[in-house]
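Read off the chains here:
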Amino acid sequence: MYQLDITLRRGQSLAARDRGGTSDPYVKFKIGGKEVFRSKIIHKNLNPVWEEKACILVDHLREPLYIKVFDYDFGLQDDFMGSAFLDLTQLELNRPTDVTLTLKDPHYPDHDLGIILLSVILTPKEGESRDVTMLMRKSWKRSSKFQTQSLRLSDLHRKSHLWRGIVSITLIEGRDLKAMDSNGLSDPYVKFRLGHQKYKSKIMPKTLNPQWREQFDFHLYEERGGIIDITAWDKDAGKRDDFIGRCQVDLSALSREQTHKLELQLEEGEGHLVLLVTLTASATVSISDLSVNSLEDQKEREEILKRYSPLRIFHNLKDVGFLQVKVIRAEGLMAADVTGKSDPFCVVELNNDRLLTHTVYKNLNPEWNKVFTFNIKDIHSVLEVTVYDEDRDRSADFLGKVAIPLLSIQNGEQKAYVLKNKQLTGPTKGVIYLEIDVIFNAVKASLRTLIPKEQKYIEEENRLSKQLLLRNFIRMKRCVMVLVNAAYYVNSCFDWDSPPRSLAAFVLFLFVVWNFELYMIPLVLLLLLTWNYFLIISGKDNRQRDTVVEDMLEDEEEEDDKDDKDSEKKGFINKIYAIQEVCVSVQNILDEVASFGERIKNTFNWTVPFLSWLAIVALCVFTAILYCIPLRYIVLIWGINKFTKKLRSPYAIDNNELLDFLSRVPSDVQVVQYQELKPDPSHSPYKRKKNNLG
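In this text the structure is predicted, and so the values were computed from the model without any measurement.

Quick look at the nonpolar core now. Core analysis: the largest hydrophobic core is formed by 45 residues, its most contacted members being Leu 323, Val 327, Ile 432, Leu 434 and Ile 436. A per-element tally of this core places helix H9 (residues 609-628) first, with six residues. Residues within four places of Ile 436 in sequence aside, it is in contact with Leu 323, Gln 324, Val 325, Leu 383, Ile 404, Ile 409, Gln 410, Asn 411, Gly 412, Glu 413 and Tyr 417. With 32 residues, the next largest nonpolar core counts Leu 4, Leu 8, Ala 15 and Leu 118 among its residues.

This is the structure in structure tokens:
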């Protein structure tokens, strides 16, 4: 086995593939017909500079390295710009070599397509040295524009994976951006990139001076900082988005623990972007062996409990709590290799925090015995634990996944979680044993519920799905039917279909209207919440599993699998991109409307008791305020606050506390996804482990 370290330097005099006489080139490396690396895209440049490094393990030197260059076309098939081969047998071992490759098109061998410059070094590796080698591989699904990155780390390289700090970025506004549309305006959005981390802002329609007011965080892995690449784009439906301009932020030039207001001039375009950037010290994130346990050390445990005690409510409101995850072992995993074994490793994710275990080779019952700790910024977050099979020459294979809401965790209990499929709708083969502890400040958690939810920036873009569209339509129809049935019920009272019921409704109507006060609105909602609570604790819970949603999610999983298999045969599907984009928008709107209704229902159904109790406290406060304070004073205070908010805090991010609260309540789809599956008691390994634990 050999390790091939490649630095992709730059390209020169590449072929123009766009109408403007330029290209948006990127490079693929392939060995044995399988993609092992893909570079970033350099926009509108025929002499691109990449300076990207790749580390590739090679079984033998007979297979040459195949280099292909493409021009990126948004929504269309990328244009071929040339290819070249690197004969690995001609490289000297352990010696850095600069290589210049001439790009050719096999169909037009006489065309001059430019050159690619590389630096390579080939070193021999022992077969078992994989355990101490860090591999960074990227995989791209052709059926999606989404890019994922797999990081493989060994114990020797563990520190390089833990972030050294947090970069908090607030995108405030754009000024005097370039007009890209025929109406003299643009529909701008902004992309940020720091290493493998990416973020895309929302689209602001028809403006040259957009107001975004979006906040997000990146992890800072390098002690010296890093470069944030920023590009501005104009959204165009049905064709490739227009490039507005680019700029960079050098984090090494910014002081820590201080907020910097930056007005950045866009290069290769017009206008400015206004940002707020803050660099802070690293949060509590660590990886250790099972023997090193923060909560079992009495001194450390007391320190953590003190940090999140009720007395420290207003100390660092963003630091809500502490999470410790013990990844112990897995059993009965799926065999992903031809040998009937797998090389499993585990990925633990909390929002945008992502840590990995080491790989246990050729084992279906791996033991990791690792402890992960995280800072909790939102107690309503969901812990995701995913098991993959490592493959040296391609992207990792999915073996199973579990999603665990933090509020459902029982501290200190070692549990066997049945692994689920990618959509979290049904079981797959195997179980994973975890022990999780959560310590948090309830008051901080409640206050954080009323601010915008952290957006996950590594997330697959939605694509058109017949099953998903149908599912969202049925979900919205069910929400609408609740209102329709309520209207029918009221109308039946007017029609005196049932005289006793109509008489009771008439008397109630007269009583309520005659005695109505504004405070009665939150009081009625409070009584409804209380009534449902007593129904639940008395054993008369009428909540039922949503089998309709479960069945539809399973159908959607089958459709996704079929799409993945057929994706290579359907490379021309983007020809109907404009229609697809409209359908995806309708699909997403249906999902948002249905989710909104389901979240309201689940608040009153006590699906998440913490949130329902929080709603009771809020309704009690609102009832008391409306009862004691005249309405004109309440409206006056509300109006003064709204009018002076931007004067008091010019860069405050707009939010709606009620919508932020509802965003934490799971929809019916999420309730199904977060349901914990029970292990099969007839499975002998589970029985044996249970007896051993007992």
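Right, let's get into the sheet that holds strand E4 (residues 49-58). With antiparallel pairing, the four strands of this open sheet are ordered in space as E4-E1-E8-E7. Each end of this open sheet is capped by a strand with a single partner; those strands are E4 and strand E7 (97-102). The mean inter-strand angle of the sheet, taken between neighbouring strand axes irrespective of direction, is 25°. With six bridges connecting them, E7 and strand E8 (residues 115-124) associate as antiparallel partners. Pairing of Asp 98 across the sheet is with Ser 119, part of E8.

Turning our attention to the sheet that holds strand E16 (residues 242-250). Strands sit in the order E13-E12-E15-E16 across an open sheet of four strands; the sheet is antiparallel. With partners counted over all chains shown, the strands left at the sheet margins are strand E13 (197-200) and E16, one partner each. Direction aside, neighbouring strands of the sheet carry axes that sit 15° apart on average. In this structure, strand E12 (residues 188-194) lies alongside strand E15 (residues 227-234), joined through six bridges in antiparallel fashion. By the bridge assignment for E15, Arg 193 is matched with Asp 229.

Let us now look at the packing of aromatic side chains. What the rule picks out here adds up to 17 aromatic pairs. Geometrically, the ring pair formed by Phe 192 and Tyr 199 is tilted, given 6.4 Å between the ring centres and 55° between the ring planes. Assessed through its relative accessible area of 2%, Phe 192 is described here as buried. The interplanar angle of 80° and the centroid separation of 6.3 Å between the aromatic rings of Tyr 388 and Phe 398 together place this pair among those described as edge-to-face. Of this pair, Tyr 388 sits in strand E24 (residues 382-389) while Phe 398 sits in strand E25 (residues 397-405); the two residues are ten residues apart in sequence, bridging distant segments of the chain. Three or more aromatic residues joined by ring pairs make a cluster, and in this case those are Phe 192, Tyr 199, Phe 216 and Phe 218. It is Lys 28 that lies over the ring of Phe 70; its NZ or CZ is 4.7 Å from the centre. Over the face of the ring belonging to Tyr 433 we find Arg 329, whose NZ or CZ atom lies 3.9 Å from the ring centre.

Attention shifts here to the UniProt feature "transmembrane region" (unreviewed entry) in the chain. Following the UniProt record, one finds the feature "transmembrane region" (unreviewed entry) at residues 503-536 and 610-638. Between the first and last C-alpha atoms of residues 503-536 the distance is 30 Å; the span itself is 88% helix and 0% strand. The distance separating the terminal C-alpha atoms of residues 610-638 is 27 Å; by composition the span is 93% helix and 0% strand.

Summed over the entire model, instances satisfying the criterion amount to eleven salt bridges. The salt bridge involving Arg 95 is made with Glu 92; its shortest N-O contact spans 3.1 Å. Judged by relative accessible area, which is 46%, Glu 92 ranks as partly exposed. For Glu 384, the salt bridge is made with Lys 401, and the minimal N-O distance between the two is 3.5 Å. Linking Glu 384 in strand E24 with Lys 401 in strand E25, this pair joins segments that are 17 residues apart in sequence. Residues joined by salt bridges that share partners form a network here, namely Glu 173, Arg 175 and Glu 263.

So, about the confidence of the model for the chain. Low pLDDT means the predicted atomic positions in that stretch should not be read closely. Counting all residues, the mean pLDDT for the chain is 78, and 80% of those residues have values of 70 or more. In this model, residues 683-694 is a region of pLDDT below 50 whose contacts with residues beyond four sequence positions or in other chains number 14 contacts.

This brings us to helix H6 (residues 520-537). With 18 residues, H6 should reach 26 Å at 1.5 Å per residue; the first-to-last C-alpha distance of 26 Å fits that figure. Here H6 has its buried residues at Pro 522, Leu 526, Leu 529, Asn 532 and Leu 535. Backbone geometry just downstream of H6 places Gly 539 in the positive-phi region, at approximately 85°.

Calculation criteria
Residues numbered from 1 in each chain as written. Predicted model: local features only at pLDDT ≥ 70, side-chain atom pairs only at ≥ 80, totals over all residues. Heavy atoms only, no water. Core = buried A, V, L, I, M, F, W, Y, C linked by side-chain atoms within 4.5 Å. Buried < 20%, exposed > 50% of the residue type's maximum accessible area, 1.4 Å probe, protein only. Helix = DSSP H or I, 4+ residues; strand = E, 2+ residues; numbered from the N terminus. Contact = heavy atoms within 4.5 Å. Pairing = 2+ DSSP bridges. Axes fitted to C-alpha atoms, helices over the stretch in contact; angles between N-to-C directions. Phe/Tyr/Trp six-rings, centres within 6.5 Å; stacked < 30°, edge-to-face > 60°. Lys NZ or Arg CZ within 6 Å of the ring centre and 35° of its normal. UniProt positions renumbered as here; feature names shortened; annotations may be inferred. Salt bridge = Lys/Arg side-chain N within 4 Å of Asp/Glu carboxyl O. pLDDT = per-residue confidence, 0-100. Expected span 1.5 Å × (residues − 1).

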